[in-house]
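Working through the structure, step by step
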Amino acid sequence: MTTESAAAAARATVYGYPRQGPNRELKKAIESYWRGRVTADALRASAAELRRSTWRQLAEAGIHEVPTGDFSYYDHVLDTTVMVGAVPERHRAAVDADALDGYFAMARGTQDVAPLEMTKWFDTNYHYLVPELGPDTVFATDSAKQVGELTEALALGLTARPVLVGPVTYLLLAKPAPGVPAGFDPLTLLDRLLPVYAEVLADLRAAGAEWVQLDEPALVQDRTPAELDAATRAYRGLGVLADRPKLLVASYFDRLGEALPVLAKAPVEGLALDFTEAAAVNLDALAAVGGLPGKRLVAGVVNGRNIWVNDLSASLTTLGTLLGLADRVDVAASCSLLHVPLDASAERDIEPQILRWLSFARQKTAEVVTLAKGLAQGPDTIAAELAANRADLVSRATSPITRDPAVRARAAAVTESAARRPQSYAERSAAQRAHLRLPLLPTTTIGSFPQTGELRTARADLRAGRIDTAGYEDRVRAEIQEVVAFQEKAGLDVLVHGEPERNDMVQYFAEQLTGYLATQHGWVQSYGTRYVRPPVLAGDISRPEPMTVRWTSYAQSLTSRPVKGMLTGPVTMLAWSFVRDDQPLGDTARQVALALRDEVNDLEAAGTSVIQVDEPALRETLPLRAADRPAYLAWATEAFRLTTAGVRPETQIHTHMCYAEFGDIVQAIDDLDADVISLEAARSHMQVARELAAHGYPREAGPGVYDIHSPRVPSPAEAAALVRTGLAAIPADRLWVNPDCGLKTRGWPEVRTSLENLVAAARTVRAEL
């Protein structure tokens with residue numbers, strides 16, 4: 001095909017779309033089902049209507065080929081586990097009894113059965129359910145969901161492309177099942193898994209699929225020769241099947257690197273590449289392998305992970321360069337739009353000019369369609385759109401919102417010593433033990449307590465004007481009083497105020513820092529029915545006034561036990577926000593760290609002796625390629641130390657991390673120089689404690705013994721067993737006992753019992769020492 005014909009054939013598509021609906025209808029329907037308020041059939045009907053509405057909206061916007069199969073009740077990797085029949089044995093009875101309830105049991109657990117482990121989807125803030133596989137795993141095809149959703153879309157008269165997690169990525173994301181030796185490599189099951197994928201592809205072809213998309217984001221990471229060989233075998237095997245649709249293998253989040261020649265040579269009809277995160281590298285690499293002659297290239301030129309308006313002219317230039325490298329070039333976002341909010345036009349509280357800088361899923365869809373039109377019909381056909389886009393880009397670049405000279409001068413003046421505590425950990429530890437006088441195996445929680453119905457009602461009443469600020473603050477005081485009283489009665493050693501005044505651990509701070517924008521409807525799925533509203537980091541950051549001192553001091557006035565001050569760390573403030581793309585992330589992190597340093601110092605001055613600076617996102621923001629990690633970890637750990645290094649030796653600095661693999665960042669955890677770190681460990685059976693011990697981690701740690709992402713209440717014996725496992729790796733004088741994470745999403749009845757059991761477990765094991 002000539003360059004001209006390739007351009008004329010250009011079409012618009014997306015890899016996936018937000019699932020929740022304009023008003024989070026899916027979340028509400030699922031949670032109503034869990035509470036027994038609606039039937040399974042009603043839930044399925046609500047979900048089907050959301051899917052149809054999404055597909056119609058995409059088609060009406062000009063998307064030529066809509067994705068199917070990306071919709072999920074909880075998680076698309078869990079959906080893949082069901083599709084290939086890899087249900088863990090402990091969940092088999094529940095799945096056999098009721099497929100829907102069994103599905104949710106795998107996701108959330110039951111009182112008697114633990115859920116699948118949860119961790120981050122690459123370097124995003126989305127969580128997936130980790131497949132559990134072993135040498136005895138028997139795969140079995142269940143394509144009902146994938147075929148059913150394709151059939152629904154085709155019935156609407158739409159061109160549809162089913163989207164599946166690819167077989168290599170699925171196995172690379174998996175872990176050995178409980179009881180299976182840790183050295184077992186799930187990738188050894190590839191030859192057993194491929195026939196199931198062949199059957200799914202045949203079923204989809206029979207249902208009317210012309211193309212099927214197989215997502216292989218794991219191939220943008222560093223891969224061994226054996227793993228690349230597995231990819232070669234997988235797509236050689238699937239490619240030669242006689243009864244299959246055309247195959248589009250999709251990569252995103254980074255450069256495809258050494259996997260690009262593998263996929264370019266594979267007998268598949270199309271390849272999707274990210275031309276935002278790694279535009280120049282992927283483009284050069286594609287040219288180096290001779291392009292994709294005779295194949296379809298889907299070019300992800302609109303950033304699917306951030307919310308800034310696209311530079312349409314730059315994207316058109318990239319697309320024009322690609323025209324000579326493939327038989328057909330289509331236009332897409334760089335990844336599924338699952339990672340951005342639904343519609344910027346729903347925002348009413350953002351100044352109109354600033355709003356034009358923002359692009360959510362619907363706006364990105366329009367950008368993709370505009371670029372496809374410009375590529376196919378020429379730039380003159382989108383002249384008005386290009387002119388408006390240039391004006392928006394200039395408006396943002398020249399706005400005083402984006403630059404504060406005082407902030408920049410302060411950040412530039414930071415010295416290396418400012419990010420180092422002058423005392424050694426041994427000196428600090430001795431001072432803290434003398435000051436705090438805590439027992440062996442001290443107990444604490446991570447920070448938040450359940451957000452009660454009364455509190456949510458008060459917050460809604462405040463927004464609606466039904467109560468004034470004084471009335472709302474009375475409710476917050478009452479919540480703090482209840483939380484402190486409960487903790488004292490339960491016997492916890494280091495207390496928290498429960499964070500009743502906080503809507504979200506990032507948004508709460510963002511709303512009080514200059515340079516941030518808050519949205520009202522910018523919901524993004526984190527996991528299951530948990531949605532967050534990431535704030536928008538639009539300009540230079542500073543702290544006008546204290547943010548947490550008042551409520552922390554109030555809680556401390558209610559008890560003689562230490563109350564932790566609770567802050568979100570600078571890396572997490574970036575990772576769980578939509579960050580600016582006009583300066584290096586390290587520069588932004590330093591600005592945020594300096595603002596938080598002021599808060600830490602004010603907490604200490606107000607009498608707070610324990611201050612926790614949470615960095616759950618340190619691992620998830622780790623670059624996917626090893627070569628890019630040292631530079632990231634250097635600025636990330638410096639930002640944390642810059643936040644915390646200004647306190648006295650007797651002030652104990654805590655940090656917290658959750659739901660990520662920590663083994664490859666243990667040195668970075670050490671480099672934070674926190675006095676105490678708490679980490680997720682319950683689902684992974686204290687794996688992180690063993691990793692810390694293997695590293696020789698010298699400070700205190702609290703590997704969690706209560707999995708708060710499940711409604712299960714751990715018994716005292718279960719929690720005590722985990723504490724003993726922790727003691728096998730961490731000495732008693734450095735081991736803390738705590739939950740995995742904050743308790744905001746849990747209910748009071750389960751929290752009360754779980755924390756009482758946690759304290760009982762600590763006392764039992766303490767008595768054994």
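Here, the structure is the one placed above.
What comes next is a walk through the structure. Each chain has its residues counted from 1, running along the sequence as written. Reporting in this predicted model follows two pLDDT cut-offs: at least 70 for local features of residues, and 80 or more for side-chain atom pairs to be given and counted; totals over whole chains, interfaces and linings ignore these cut-offs and use all residues. To get the side-chain values, take all heavy atoms of the structure and skip hydrogens and water.

**Some points on the overall build of the protein**
Where helices and strands are cited, they refer to DSSP runs of H or I of at least four residues and of E of at least two residues respectively, numbered from the N terminus. Counting secondary structure elements, the protein contains 29 helices and 20 strands. Since a compact globule built from 769 residues should have a radius of gyration of about 27 Å, the 26 Å found for the protein is in line with a globular shape. When the backbone C-alpha atoms are referred to their principal axes, the protein occupies close to 75 × 60 × 50 Å. Counting across all 769 residues of the protein, residues that qualify as buried make up 62%. Put simply, 80% of the contacts in the protein that link residues at least 6 apart link residues at least 24 apart. Note on areas: these come from Shrake-Rupley sampling with a 1.4 Å probe, and a residue is covered only by the protein chains present in the view. Of the roughly 27,300 Å² of accessible surface on the protein, a fraction of 53% belongs to carbon and sulfur atoms. Only four residue types enter the tally: Lys and Arg on the positive side, Asp and Glu on the negative side, with His and both chain ends excluded. Every charge is mapped onto a representative atom, which is NZ of Lys, CZ of Arg, CG of Asp or CD of Glu. Positive and negative side-chain charges in the protein, numbering 79 and 97 respectively, have mean positions lying 2 Å apart. A radius of gyration in this sense is built from C-alpha atoms; the matching globule rule multiplies 2.2 Å by the number of residues raised to 0.38. Think of it in three bands: with a 1.4 Å probe and only protein chains considered, a residue is buried below 20% of the maximum accessible area for its type, exposed above 50%, and partly exposed in between. Whether two residues touch is decided by their heavy atoms; if any such pair falls within 4.5 Å, the residues are in contact.

**Some thoughts on the sheet that holds strand E17 (residues 610–614)**
Two strands qualify as a pair provided DSSP detects at least 2 bridges between them. Across the sheet, which stays open at both edges, the five strands sit in the order E16-E17-E18-E19-E20 with parallel pairing between neighbours. Sheet topology places strand E16 (564–568) and strand E20 (700–703) at the edges, where each strand pairs with a single neighbour. Averaged over all adjacent pairs, the angle separating strand axes in this sheet is 20°, with direction ignored. To obtain an axis, a line is fitted to C-alpha atoms, over the contacting stretch when the element is a helix, and the angle between two such axes runs from 0 to 180 degrees between their N-to-C directions. Strands E16 and E17 of the sheet are contacted by helix H24 (residues 585–605), whose axis makes an angle of about 175° with E16.

**Looking at the packing of helix H19 (residues 453–464) against helix H20 (residues 469–490)**
In contact at an axis separation of 9 Å, H19 and H20 are set at 165° when each is read in the N-to-C sense. Considering the angle they form, H19 stands roughly antiparallel to H20. In the packing of H19 onto H20, the handedness of the crossing is left-handed. Packed against H19, whose contacting residues are Glu454, Leu455, Ala458, Arg459 and Leu462, the element H20 presents Thr469, Tyr472, Arg475, Val476 and Glu479 at the interface. Any angle that falls under 35 degrees is termed roughly parallel, while one over 145 is termed roughly antiparallel, one within 65 to 115 roughly perpendicular, and all others oblique. By convention, the crossing between two helices is left-handed when the near helix turns anticlockwise from the far helix through less than a right angle, and right-handed when the turn is clockwise.

**Notes on the packing of helix H13 (residues 312–322) against helix H15 (residues 361–377)**
Where H13 meets H15, the closest approach of the two axes is 10 Å, and the angle between their N-to-C directions is 50°. Put simply, H13 runs oblique to H15. Remark: the crossing between H13 and H15 carries right-handed chirality. For the pair H13 and H15, contact is made by Leu312, Ser315, Leu316, Leu319 and Gly320 and by Glu367, Thr370, Leu371, Gly374 and Leu375, respectively.

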